[in-house]
2 protein chains.
Amino acid sequence: MKTRKNSARDRELKAALTEVRDALLGAQLELKRTKACSVVLIITGVPSAGRSEVVNDLLSWLDPKHVSVYSPDREACEDFERPLMWRYWRNLPARGRIGVFFEGWYDGLLRKGVKDESKRFDARTLERINQLERMLLQDGVRVLKVHLHVSRVLQEQRIRELRASKLTRWRITARDVWFTRHHEEVDRVAKRLRAGTHEACSWHLLDGSHPEQRVLEVARLLLQEIRAGLAGQMAEPAAAPKPIETRPIDAAPQPVSDDQYELELEELQGKFALLTRKKRFEKRALVLAFEGMDAAGKGGAIRRVTHALDARQYRVIPVSAPSADELLYPYLWRFWREAPQRGEVVIFDRSWYGRVLVERVRGFAEPADWQRAYEEIVELERQWCEHGAIVQKFWLSVSLDEQQERFAARESDPLKRFKVDPEDWENRKHYGEYQQAAAEMMARTDVSVAPWTIINADDKKSARLQVLRQILGRLADEL
Amino acid sequence: MKTRKNSARDRELKAALTEVRDALLGAQLELKRTKACSVVLIITGVPSAGRSEVVNDLLSWLDPKHVSVYSPDREACEDFERPLMWRYWRNLPARGRIGVFFEGWYDGLLRKGVKDESKRFDARTLERINQLERMLLQDGVRVLKVHLHVSRVLQEQRIRELRASKLTRWRITARDVWFTRHHEEVDRVAKRLRAGTHEACSWHLLDGSHPEQRVLEVARLLLQEIRAGLAGQMAEPAAAPKPIETRPIDAAPQPVSDDQYELELEELQGKFALLTRKKRFEKRALVLAFEGMDAAGKGGAIRRVTHALDARQYRVIPVSAPSADELLYPYLWRFWREAPQRGEVVIFDRSWYGRVLVERVRGFAEPADWQRAYEEIVELERQWCEHGAIVQKFWLSVSLDEQQERFAARESDPLKRFKVDPEDWENRKHYGEYQQAAAEMMARTDVSVAPWTIINADDKKSARLQVLRQILGRLADEL
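If you're wondering where the values come from, they're calculated on a predicted model, not measured in any experiment. (Residues numbered from 1 in each chain as written. Chains lettered and ligands numbered in written order. Predicted model: local features only at pLDDT ≥ 70, side-chain atom pairs only at ≥ 80, totals over all residues. Heavy atoms only, no water.)

J.: Please explain the overall build of chain A as it appears in this structure.
T.: Looking only at helices and strands, chain A has 20 helices and 10 strands in total. Each principal axis of the C-alpha distribution contributes one length, and for chain A these read about 100 × 45 × 40 Å. Evaluated residue by residue, chain A yields a buried proportion of 55% over its 479 residues. Here chain A displays about 21,800 Å² of accessible surface, and carbon together with sulfur accounts for 49% of that area. (Helix = DSSP H or I, 4+ residues; strand = E, 2+ residues; numbered from the N terminus. Buried < 20%, exposed > 50% of the residue type's maximum accessible area, 1.4 Å probe, protein only. Areas by Shrake-Rupley, 256 points an atom, 1.4 Å probe, with all protein chains shown as cover.)

Dropping the structure here:
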């Protein structure tokens, strides 16, 4: 009697598996075609709850060309050289693709939670995760989080079985043994972790006891997630930020004679070079972001900075409109790719602030999107600072008259003709709006770890000296 | 009188600089537009000969959005984890772009040459470089190599001047001092190095004494290089390889019962897992390349391999037609990006052999191009092996009848429908040509460091066991 009932249930399960598999494949191909969103599946759980098996099954069902798998490499040196979240950003799937993340940004947290006496997670860790997930969801990345669980008894039994054979014993790592030994504590801590990170993307706690049942459930959730993305279900738009008082962009000119300029330039470059060669700088990094209207002299100022450095020590990242490939990712992705390594000077010629400048003024981003960007940008800078970077931002302010003169000079000089394009003249028409956008940007993102400096750039030489002086001041304070 | 003559020469120089600058900018924009080729400028030289200054000048003349600069980071851990040339491949400019490489693949060679008693370079080092440059030139990358030189007297004087001021003293590194001390020896060794690597792309030895003169000369060479690329001047097509005797692709079936299969599969997977967990494997890597006609069972065989591994230890790279972005690079670029790290298992589901299979049969590559690929491919595999990788290649052979059955089964199964596309039916029409191409490929690339194994894949289960057995045999030999 029991057997017959069981086999009826088996048949049901089998039919359900076939159905979801078929639907999942269809949804994946549709996702690939429409590029409506990307999907990140984060899978966590206790050892022997079947994470690898579930992922293996899903991979053999889906078209593997459009899926990538990321598992944390705990020894990857390149990760340690860069801010914590870089490893996840660089592995984010493009729209149209699915990314499976073993542990994802929860990697190491359970063990950390158990080992910490207080059994709590520090607020910053949770904040970092919630902020990321909220942003991803709003930027077209749907995040599905699954935790697989089995009872202590079953876990021990599975490990016993694996240990029984020489051929499967290798599967048991020191980590697994630790998790089994701390089964109850891990459980409690995992529950608390889920509760603390349920805000933007909710967790699904699944029973890993039954191999087919568990993959069925994960597959259904994944299907649901892809379908939600296909139907355009994205996060609620963030609330507009509270109004903020802005100040007009203004900086006094600081004229300088040619002789004075040469003399001071060399002195500042020398001092700057000495500071970046300090032993202490090897654990830090310097990130400089240059913004300002066209022809404000960003390139010239940057060259005066880099001339002081060894070519091996710095990178200059010129930022223009995102490419077709870059548009398949959240807008901060291309900047995270360039996250500073320890000991490096990274200089952005225009930056992530394009979101709240050109994209806002020219209508390339929705108001809800550029409005939430202030917070997201500050978070990016904060995370880089947490890894040791010194972030300094410059607004090179050029008057409408001076800009006109420089445009004319550039256009008549064949050697500089590439520096003016029709877009620049178009942008010039929006000078007032840019000034307003810049004023709001500075009011909202001038934070103590990553301050703005406004430079009167009508006199190029004076502007270059001011930039170097400001950098020196920051470095002297920080090192 | 002398002054007047000098100032006339100055005016001439200035006019020449303006002229070349103008022409260079025009050529760069044309290069960007047409994407006719990419240009790599390798700049080597003795300290204080002005390498950095020349590059800085060029960067301020060109549109920096389409130029990238690469200087060797002698401490980058990610480089040491991967084959030697990976760092250069990953920094290659796409067509339409210019890449400036400080030292490039000559990095460290001068010091090495001086320190080596024999004062010679080992043949393999020169061969690796010549092969790379020959291939780049044939794949649309023009390589310009400039060595800047100054006399010992001038070098010492410049270093003395730098040392005189606290603000410039930092510019002198221990490296510079070493080079100054070994001026004559470095000279001799550099000459020998240039003579040994003149074959594909010739060297230009320039005098670095005069700041404006030297940048003028480099700029002219660069202009010439871009123009040659724009005019479609590429390398002479390589000579067709000598005819080679091929053998029909044939492998005896090795039938297996279901029970036997399950039993042996588990045993092989267990043994395989144990081998990859050996301490000694941490310094090696395993690269598996799977080729074979559509529906030969590559995916299934790969899954049986990966099931034995921890998800953190392996990567599967599905290879299909190159994307538009990938087509902007030499055809091996996308495979070099996936070069194995130490301790890793990298599995290619189709591989670089596409060049001499599908691209040959379907006419996507010119005969001269796929004919030279045999050597280039063997060189890639050899370089990976030199870094410790164990390379194993499989040809899964499926008969025309069996393939027909599998296509039909796939098409009628909604869960596998994505596995058959119209291209597959088209490829099937060329079955005979594929067999012939595969036979030639195996005759030409079956080298001892990276052997081919032909597997009769008409019986899927038997094929999977054979694959695992072969891998185990290789690993047991190598570890």
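J.: Looking at this model, I keep getting lost on the relation of the copies chain A and chain B. Mind explaining?
T.: Two copies of the chain are present, and they differ by a rotation about an axis and a shift along that axis. When chain A is fitted to chain B, the best match, at an RMSD of 0.0 Å, comes from turning it 180° and sliding it 0.0 Å along the axis. Classification of the inter-copy transformation places it as that of a two-fold axis. A share of 100% of the interface residues of chain A reappears at the interface of chain B, consistent with the copies meeting face to face through the same patch. (Least-squares fit on C-alpha atoms with pLDDT ≥ 70 in both. Contact = heavy atoms within 4.5 Å.)

J.: Any chance you could explain the sheet that holds strand β9 (residues 389–397) of chain B here in plain terms?
T.: Strand pairing within a sheet occurs via backbone hydrogen bonds; the two strands may be parallel or antiparallel. All names here are of chain B. Read across the sheet, five strands follow the order β7-β8-β6-β9-β10 without closing on themselves; strand pairing throughout is parallel. One side of each edge strand has no neighbouring strand; the edge strands of this open sheet are β7 (314–318) and β10 (452–456). In this sheet, neighbouring strand axes are inclined to one another by 20° on average, regardless of whether the strands run parallel or antiparallel. Sheet topology places strand β6 (residues 285–292) next to strand β8 (residues 345–349); five bridges connect them, and they run parallel. In the strand pairing of β8, F290 is matched with D349. (Pairing = 2+ DSSP bridges. Axes fitted to C-alpha atoms, helices over the stretch in contact; angles between N-to-C directions.)

J.: Hey, could you run me through the nonpolar core in this one?
T.: Among soluble globular proteins, nonpolar side chains are generally buried collectively. With 144 residues, the main nonpolar core has L58, W105, F272, W352 and M441 of chain A as its most contacted residues. Counting residues per element, this core draws most heavily on helix α11 (residues 211–230) of chain A, at eight residues. Of all hydrophobic cores here, the second largest spans 143 residues; its members include W89, V189, I302 and V391 of chain B. (Core = buried A, V, L, I, M, F, W, Y, C linked by side-chain atoms within 4.5 Å.)

J.: Is there a simple way to think about helix α16 (residues 367–386) of chain B in this case?
T.: Working note: α-helix, 3.6 residues per turn, so residues spaced by three or four point in the same direction. All names here are of chain B. Its 20 residues give α16 an end-to-end C-alpha distance of 29 Å, which sits within 8% of 28 Å, the value for a rise of 1.5 Å per residue. Residue Y374 marks the point of greatest curvature in α16, where the axis turns by about 35°. After α16 finishes, the residue G388 shows a positive phi value of roughly 110°. (Expected span 1.5 Å × (residues − 1). Bend = angle between axes of the 7 residues up to and from the residue.)

J.: Is there a simple way to think about the side chain of R474 of chain A in this case?
T.: All names here are of chain A. In this structure, R474 sits in helix α20 (residues 460–478). You can call R474 buried: its relative accessible area is 9%. Polar contacts involving the side chain of R474 include one to the main-chain carbonyl oxygen of V391, which spans 2.7 Å. The residues touching R474, leaving out its near neighbours within four places in the chain, are I390, V391, Q392, V449 and P451. (Polar contact = N/O pair within 3.5 Å; in protein donor to acceptor, adjacent residues only side chain to side chain.)

J.: Would you mind going over the packing of helix α2 (residues 51–61) of chain B against helix α11 (residues 211–230) of chain B with me for this structure?
T.: Two measures define how a pair of helices packs: the angle their axes make with one another and the distance between the axes. All names here are of chain B. At their nearest, the axes of α2 and α11 sit 10 Å apart, and the two run at 55° to each other. Overall, the two elements α2 and α11 adopt an arrangement that is oblique. Two packed elements cross with a definite hand, and for α2 against α11 that hand is right-handed. Across the interface between the two elements, E53, V54, D57, L58 and W61 of α2 pack against R214, V215, V218, A219 and L222 of α11. The class makeup of the residues in the contact of α2 with α11 is seven nonpolar, no polar and three charged. (Parallel < 35°, antiparallel > 145°, perpendicular 65-115°, else oblique. Left-handed = near helix turned anticlockwise from the far one by under 90°. Nonpolar A, V, L, I, M, F, W, Y, C, P; charged D, E, K, R; others polar.)

J.: What is the right way to read the interface of chain A and chain B from this model?
T.: By a widespread convention, an interface's size corresponds to the accessible area lost as its parts come together. Listed as interface residues are 48 residues of chain A and, on the opposing side, 48 residues of chain B. For the chain A and chain B pair, buried surface summed over both sides reaches about 4,500 Å², with 59% attributable to carbon and sulfur atoms. Three residues, W170, R312 and L415 of chain A, lead the burial of chain A against chain B; their summed loss comes to 17% of the area buried on that side. Here R82 of chain A makes a salt bridge to E78 of chain B, at a shortest N to O gap of 3.4 Å. Summed over the shared surface of chain A and chain B, the result is two residue pairs in polar contact (both at pLDDT 80 or more). Elements supplying a minimum of two residues to the side of chain A that touches chain B: α1 (2–34), α2 (51–61), α3 (77–80), α8 (166–169), α12 (258–276) and β7 (314–318) of chain A. Looking at side-chain class alone, the side of chain A that touches chain B contains 20 nonpolar, 10 polar and 18 charged residues. (Buried area = accessible area lost by both parts, 1.4 Å probe. Salt bridge = Lys/Arg side-chain N within 4 Å of Asp/Glu carboxyl O.)

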